Amino acid sequence: MSLADWEVVIGLETHAQLNTRSKIFSGAATAFGAEPNAQACAVDIALPGVLPVLNRGAVERAIRFGLAVGGRIAPRSVFARKNYFYPDLPKGYQISQYELPVVAGGSLTIRVGEADKTIRLTRAHLEEDAGKSLHEDFHGKTGIDLNRAGTPLLEIVSEPDLRSAAEAVAYAKALHSLVRWIDICDGNMQEGSFRCDANVSVRPRGSDRLGTRCEIKNLNSFRFLERAIEFEVRRQVDILEDGGAIVQETRLYDPERDETRSMRTKEEAHDYRYFPDPDLLPLEISPAWIEQVRSEMPELPQAMRGRFQSEYGLSAYDAATLTASLETARYFQEAVAAAGKDNAKLCANWIMGDLAARLNREDKDIGAAPVTPRQLAGLAKRIADGTLSSKLAKEVFEALWSGAGTDADAIIEARGLKQISDTGALESIIDQVIAANAKSVEEFRAGKEKAFNALVGQAMKATKGKANPQQVNELLRRKLGA
Amino acid sequence: MIHATLKELSAALARKEISSVELTTLFLERIERLNPRLNAFITVDRQRSLAMARAADARIAAGQATVLTGIPLAHKDIFCAEGWLTTCGSKILSNFVSPYDAHVIEQFNAAGAVILGKTNMDEFAMGSSNETSYYGPVRNPWDTDTVPGGSSGGSAAAVAARLAPAATGTDTGGSIRQPAALTGISGIKPTYGVVSRYGMIAFASSLDQGGPMAKTAEDCALLLNTMAGFDARDSTSLERPREDYTRDLERPLTGLRIGLPREFFAEGLADDVRRAVEEAIAEYRRLGARTVEVSLPNLNLSVPVYYVIAPAEASSNLSRFDGVRYGYRVPEYADLLDMYCKTRAQGFGAEVKRRILIGTYVLSHGYYDAYYLQAQKIRRLIAQDYAEAFRHCDVIMGPTSPTVAFPLGAKTDDPVQMYLNDIYTIGAPLAGLPALSVPCGFGAGGLPVGLHMIGNYFSEARLFNVAHRFQRATDWHTRAPANI
């Protein structure tokens, strides 16, 4: 057997840190990077006698997510305690949701090659993050930073619908884009705002029974997610092909060695003794609250894709590309607003073409592009009205990128890049070209189309490329009586 | 002065017959003299108390006094008070000085009351005799060879022995009412959610409720006026308008329907207690009340249900005491696990460990449904029993405790016997109902007997009324132990 004989089955559990200003059960701030324990209040350090109070902002973000994925928002959900001892878990339990999560079901559409694939979601639930153990700089002791303790998380669990590392990455990217799109998470993966656990198993192709799975914890980049799954799939296939059996366990990915390692087996798994937290009332979400949140939702990527196709006549591919992230969509919409609907396709081409290439080359996000949507729109307008040839347009774009000018018109003016479209001026230039190239004129008249192109070239050369090629064409043909 | 009620003390302070400093000093000196025998206080801090008393005197002089300004109060050591050692009766918190005030303390401080000290208690409020305290047992001032009840035994003994005019307590299964009964004072556990639990160290979150303990029901009403109140920091605190719990004190009892659950007067009730309670009920009839028999068919399930739910919650609530951030940590350990194990093994006493083990067991995978879930279902049935009884009566009455105070050590080897002490008091917290105990006579050995009354939700003012009219007609509440 070979890898191709095995089907890979993956489900992801993603922790998205919700972008509330304060923590999920206390008033302490959630900002990243403060001095250790500067953002840990009495509730976060679990002093005797303190109690949690739910942050409604975190709930509102969970509702937003539920609406965005078409899930069911539970009218009543319950916070539960997940009990285990760890120094960075101050209460000795994590407040999470267990039997009754705030969001059930829903789905997310990803692109696999040229096709769309729908990934079903199991649930999404609210919970608090733990603190952080600091093992360096404490002379053999461990330091505890509780700034992150109590940070709100939405844990989003997918069904095992993913069939390859590439699909898992596509799903994670789509989810990453969505949570930023609906503004519930900043998506900063370096800071741990968005991280995935992958449940991976393999089975002989054609089998409908799930294989034994392993869970790979805490994958905080798309590349690690892909590498970890690929490694894990090979590891499992090797074991099975050697006649072995997979042990259900939790594994860690080591990016340095590019491998996964066992963390604990099922037998060693904690008994978390979940039970409803008696300090918190059941979370009740009224239909009115849901409607309020719904009325404040931005247009979702799926809807926007459709609108870009119908309103601007974009292809499905273009529409999908432009809605892959909120920043791209926002850029495109601002450019179209400034350039006019008729120039939408032109804007789209520039965003997906020159702009994307340039951003890629300099490893920049579109949000940080030196060329603003308004500047790009100005450029598009001058292309559309024939002022700029595509060659000159690239020069203007470069000038805008480097900050050499503030808008296309100013650059065109300053550099004299304007196409010569004045018929009178062009006519006299063409007359000179005809006079100076009698041989080519002769050949053209004898039926050689190639000679015509040479004449156009001469005219362009004489105008240093600023002539409108189409106009040169027309004038030449008229003058030559063709 | 030491026998005066809060109302009388408040009037004396207002008339400047005595200053808060004098009053506070009087009680501090009594504590100094009598506490070595009773062990009712864990912490006394003369300087702090007197500083508060001076501030209270200034406030009285400025004409900005409330009814509690300048009154010294003893607080159960379960309430966090800023700058005060707050131990919860445990070695594991034997070095914990609270950096913040509980809501209850905040409210008393705002009213200008003086903190007289922190009272002894069963460790983490787990006990019915005050023998589980790391700081040693509290002795009952009526007979120092007997227990004062628990877990608020220190507060009860302090009030009974006139070491404090009044005190705070907390009640999870009877921890205010049973010690009140055993020491001949009055105490109420309010409706769940009336008093904020913020800063009150949790034992069993769904049952814990703070309340006042004093010589009279009227004093309890006065204290609850300050102690109760919505607190946004406790999600189970109830957002209701403030009420004056003294408003109905004098209302006549004509037409009052007293429900007598037949299960309260069945097997297990000592004869001396039965006699005193029946006489008290006869007094109520003379006051114009009539009695009806009611039934609480699931009463015998309340102890087992309680001993599933309370330990379950406690096992989780007490996880934070791990030696990592505050409190006791064992000095020598090999690694993290060793530190956890030794710290908790040494930091907790036997009863606390027993309950953590029970709680851990009933929440474990495979047992949760059979124990915890089942207990929650029965808890609802118990609440329904009370709801049904209140269709026929205004207040349920019976004994607070099946016996008078028992000798120290008598039940320490038999936890089940100890747990059965709470048979009459456990139902109210399981249902979230308010319940009160007042002294109603004496039993064997001249030890006090408590009359227990349970009201419907938010009927505190009515309970105070029913208790107050009884105390106007009797003088049990004015009796104090000899030799104090």
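Residues numbered from 1 in each chain as written. Chains lettered and ligands numbered in written order. Predicted model: local features only at pLDDT ≥ 70, side-chain atom pairs only at ≥ 80, totals over all residues. Heavy atoms only, no water.

A. Looking closely at the pairing of strand E1 (residues 6-17) of chain A. Residues and elements named next belong to chain A. Most of E1 sits inside the fold, with twelve of its twelve residues counted as buried. Burial along E1 is two-sided: Trp-6, Val-8, Ile-10, Leu-12, Thr-14 and Ala-16 and Glu-7, Val-9, Gly-11, Glu-13, His-15 and Gln-17, pointing in opposite directions, are all buried. The pairing of E1 with strand E12 (residues 194-204) spans eleven bridges and is antiparallel. Of the residues in E12, the one forming a bridge with Val-8 is Val-202. (Buried < 20%, exposed > 50% of the residue type's maximum accessible area, 1.4 Å probe, protein only. Helix = DSSP H or I, 4+ residues; strand = E, 2+ residues; numbered from the N terminus. Pairing = 2+ DSSP bridges.)

B. Structural detail: the interface of chain A and chain B. If you look at the interface, chain A gives 28 residues, while chain B gives 38 residues. When the two sides are added together, the surface that chain A and chain B hide from each other amounts to roughly 2,700 Å², 58% of it contributed by carbon and sulfur. For chain A, the biggest contributors to the area lost against chain B are Pro48(A), Phe85(A) and Arg273(A); these three give 23% of the whole. There are one salt bridge connecting chain A and chain B. Between Asp279(A) and Arg197(B) there is a salt bridge; the shortest N-O distance is 3.2 Å. Linking chain A with chain B are 17 residue pairs in polar contact (both at pLDDT 80 or more). Listed by contribution, the elements that provide at least two residues to the side of chain A that touches chain B are strand E4 (79-83) and strand E16 (275-276) of chain A. For the side of chain A that touches chain B, the residue count by class is 20 nonpolar, three polar and five charged. (Contact = heavy atoms within 4.5 Å. Buried area = accessible area lost by both parts, 1.4 Å probe. Salt bridge = Lys/Arg side-chain N within 4 Å of Asp/Glu carboxyl O. Polar contact = N/O pair within 3.5 Å; in protein donor to acceptor, adjacent residues only side chain to side chain. Nonpolar A, V, L, I, M, F, W, Y, C, P; charged D, E, K, R; others polar.)

C. Just the sheet that holds E4(A), in detail. Residue and element names in this part refer to chain A. If you trace the three strands from one edge of the open sheet to the other, you get E5-E4-E16, paired in antiparallel fashion. In this open sheet, the two strands that pair with only one neighbour each are strand E5 (93-97) and E16. Bridge count for E4 against E5 is five bridges, and the pairing is antiparallel. Bridge pairing in E5 links Asn-83 to Tyr-93.

D. Structural detail: the packing of helix H12 (residues 423-436) of chain A against helix H14 (residues 449-462) of chain A. All names here are of chain A. Between H12 and H14, whose axes approach to 10 Å, the crossing angle comes to 125 degrees. One way to sum up the angle between H12 and H14 is to call them oblique. Note on packing geometry: the crossing formed by H12 with H14 is right-handed. Along its contact with H12, which presents Ile-429, Ile-430 and Val-433, the element H14 presents Leu-455, Gln-458, Ala-459 and Ala-462. Taken together, the residues of the contact of H12 with H14 break down into six nonpolar, one polar and no charged. (Axes fitted to C-alpha atoms, helices over the stretch in contact; angles between N-to-C directions. Parallel < 35°, antiparallel > 145°, perpendicular 65-115°, else oblique. Left-handed = near helix turned anticlockwise from the far one by under 90°.)

E. Spatial organisation of the packing of aromatic side chains. The full count for this structure, using the stated rule, is 30 aromatic pairs over all chains. Consider the rings of Phe85(A) and Tyr340(B), whose centres lie 5.5 Å apart with planes at 50 degrees: the pair is tilted. Of this pair, Phe85(A) sits in the loop between E4 and E5 while Tyr340(B) sits in helix H10 (residues 336-347), on two different chains. Each member of the aromatic cluster is reached from another via a ring pair, and the members are Phe96(B), Phe124(B), Phe321(B), Tyr326(B) and Phe348(B). One cation-aromatic arrangement involves Arg56(A) over Trp289(A); the distance from NZ or CZ to the ring centre is 4.0 Å. Between the NZ or CZ atom of Lys411(B) and the centre of the ring of Phe406(B), over which it lies, the distance is 4.3 Å. (Phe/Tyr/Trp six-rings, centres within 6.5 Å; stacked < 30°, edge-to-face > 60°. Lys NZ or Arg CZ within 6 Å of the ring centre and 35° of its normal.)

F. Up close: a negative patch on the surface. Residue and element names in this part refer to chain A. Together, Asp-5, Asp-238, Glu-241 and Asp-242 make up a region of like negative charge exposed at the surface. Here Asp-5 shows up in the segment before E1. Assessed through its relative accessible area of 32%, Asp-5 is described here as partly exposed. (Patch = residues over 30% accessible without salt bridge, like charges linked within 9 Å, V, L, I, M, F, W, Y side chains within 5 Å. Areas by Shrake-Rupley, 256 points an atom, 1.4 Å probe, with all protein chains shown as cover. Lys, Arg positive; Asp, Glu negative; His and termini not counted. Charge placed at Lys NZ, Arg CZ, Asp CG, Glu CD.)

G. Focus on a nonpolar patch on the surface. Residues Tyr361(B), Tyr367(B) and Tyr371(B) make up a contiguous nonpolar surface patch of about 280 Å² in total accessible area. Judged by relative accessible area, which is 39%, Tyr361(B) ranks as partly exposed.

H. Expanded view of helix H9 (residues 299-317) of chain B. Between the first and last C-alpha of H9(B) there are 27 Å, a value that for 19 residues agrees with the 27 Å anticipated at 1.5 Å per step. By the criterion of burial, H9(B) is predominantly enclosed, with 16 of the 19 residues buried. (Expected span 1.5 Å × (residues − 1).)

I. Geometry of the pattern of salt bridges. Taken as a whole and judged by the stated rule, the model has 62 salt bridges over all chains. Salt-bridge contacts for Arg307(A) lead to Glu299(A); the nearest nitrogen and oxygen are separated by 2.8 Å. In this structure, Glu243(B) engages Arg240(B) in a salt bridge whose closest nitrogen and oxygen atoms are separated by 3.1 Å. Of the residues examined, Arg240(B) reaches a relative accessible area of 36% and is grouped as partly exposed. Linked by salt bridges that have partners in common, Arg81(A), Asp277(A), Asp279(A), Arg197(B) and Asp234(B) make up one network.

J. Up close: the side chain of Glu218(B). All names here are of chain B. Position of Glu-218 relative to the elements: it lies in helix H7 (residues 217-227). Taking relative accessible area as the criterion, Glu-218 reaches 16% and is therefore assigned buried. With near-sequence residues (within four places) excluded, Glu-218 lies in contact with Lys-7, Leu-249, His-468 and Gln-471.

K. Looking closely at the nonpolar core. Core analysis: the biggest nonpolar cluster contains 161 residues, and Phe124(B), Tyr284(B), Tyr386(B), Met453(B) and Phe464(B) have the highest contact counts within it. A per-element tally of this core places H9(B) first, with ten residues. Among residues more than four places away in sequence, those in contact with Phe464(B) are Ile188(B), Ala217(B), Cys220(B), Ala221(B), Leu224(B), Tyr245(B), Leu249(B) and Leu436(B). By size, the runner-up hydrophobic cluster in this structure holds 107 residues, among which are Ala68(A), Val200(A), Trp401(A) and Ile412(A). (Core = buried A, V, L, I, M, F, W, Y, C linked by side-chain atoms within 4.5 Å.)

L. Summary view of helix H2 (residues 20-38) of chain B. All names here are of chain B. Where H2 bends most, the angle comes to about 40 degrees, and this point is Glu-32, followed within four residues by the proline Pro-36. Taken together, the buried positions of H2 are Ser-20, Leu-23, Thr-24, Thr-25, Phe-27, Leu-28, Arg-30, Ile-31, Leu-34, Asn-35 and Leu-38. Against helix H1 (6-14), strand E1 (41-43), helix H3 (46-61), strand E2 (72-76) and strand E3 (114-119) lie the buried residues of H2. (Bend = angle between axes of the 7 residues up to and from the residue.)

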